[in-house]
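Topology and contacts: notes
Each chain is listed here by its residues.
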Amino acid sequence: MKIFMDTANLDELKKSVEYGVVDGVTTNPSLIARENLGFIPLIKEITTLIPGPVSVELTAMDFKGMMEQAVEYAQIAENVVIKVPINLEGLKVVKKLSEMKIKTNVTLIFSSSQALLAAKAGASFVSPFVGRIDDISGDGMALVEDIANIYDVYSFPTEIIVASVRHPVHFIESARIGADIATIPFSTLSKLLNHPLTDAGMEKFLKDWEKVKN
Ligand code: G3P
């Protein structure tokens, strides 16, 4: 499973790159709004830091406005992926961009029917938001499993990005299901490594080493 970082924070991205486990980045308007850099320079910097796909979200509401933004953002760098909200105008944009060989990530996916239509329109990626489904007492991972099964049956090449990942269980369940990608906040990255037995084991080794090192 590939790991994308769900952040637009340059310090977090620089650290993540050093850990050697990052394959791409997803951003959204809320993540961009937390940073103090201008939108275009920030995206440019992120695409330079991370050689993999960098999702940049459209905010226009109609086909013409979305296409203007998409063309502008796609020119920033070759690894920009256009993040398109799932709705009827969005589907038209996905189809057009796919004809233009511009990659798309269809976002705000909360149902299998949305994911199926996005794939049919030619989406490169879809992003089901598992945490937000769990927030309203739904089952986010069940949605991912359902989408994965449907894509498998019809051999859709669209990749599933599990988004709105809130904790390590979401991450490992994504891997069990065979999701292509999990996009995770920086805070989740170190949680994936935490284990009390690793800490206790290291403490014991260091203590014993103190006795013999001279
Ligand atoms: O990239 C979008 C997604 O990951 C949002 O996560 O935690 O705001 O639901 P969250």
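Along each chain, residues carry numbers from 1 onward, in the same order as the chain's sequence is written. Residue-level local features of this predicted model are given only where pLDDT is at least 70; pairs of side-chain atoms are given and counted only at 80 or more, and the full residue set underlies all totals for whole chains, interfaces and linings. Each side-chain value is worked out from all heavy atoms of the structure, with water and hydrogens disregarded.

Things to note about helix H9 (residues 168-177)
Partly exposed describes any residue whose relative accessible area lies between the buried limit of under 20% and the exposed limit of over 50%, with all areas from a 1.4 Å probe on protein chains only and scaled to the type maximum. Helix and strand assignments follow DSSP, with helices taken as H or I runs no shorter than four residues and strands as E runs no shorter than two, numbered in order from the N terminus. Listed as buried for H9 are His-170, Phe-171 and Ser-174. The arc enclosing the buried residues of H9, seen along the axis, measures out at 100 degrees, which places them on a common side. Facing away from the buried side of H9, by more than 90 degrees, are the exposed residues Val-169 and Arg-176. Contacts between residues were defined by any pair of non-hydrogen atoms, one from each residue, lying within 4.5 Å. Turning to H9, the residues buried within the fold contact strand S1 (2-6), helix H7 (130-135), helix H8 (140-153), strand S7 (159-162) and strand S8 (181-184). Gly-178 lies just past H9 and shows a positive phi near 95 degrees. The directions considered for the arc run from the helix axis to the C-beta atoms.

Details of the layout of surface pockets
Counted as a void, the largest pocket has a volume near 330 Å³. Think of a 1 Å grid over the protein atoms and nothing else: a 1.4 Å probe that fits but is trapped marks a cavity, an open set flanked by protein within 12 Å on at least five of seven lines marks a pocket, and residues with an atom within 4 Å of a point count as lining. Around the largest pocket, the lining is made up of 19 residues, and of these Asp-6, Asn-28, Leu-31, Arg-34 and Pro-185 lie nearest the centre. Amino acids outside the nonpolar list (Ala, Val, Leu, Ile, Met, Phe, Trp, Tyr, Cys, Pro) and the charged list (Asp, Glu, Lys, Arg) are all regarded as polar, and Gly is one of them. For the lining of the largest pocket, the class distribution of residues is 7 nonpolar, 5 polar and 7 charged. Grid points are joined across faces, edges and corners, and a volume is the space filled by probe spheres set on the points. Counted as a void, the second largest pocket has a volume near 180 Å³. Surrounding the second largest pocket, 14 residues form its lining, Lys-103, Ala-123, Ser-124, Phe-125 and Glu-159 being those nearest its centre.

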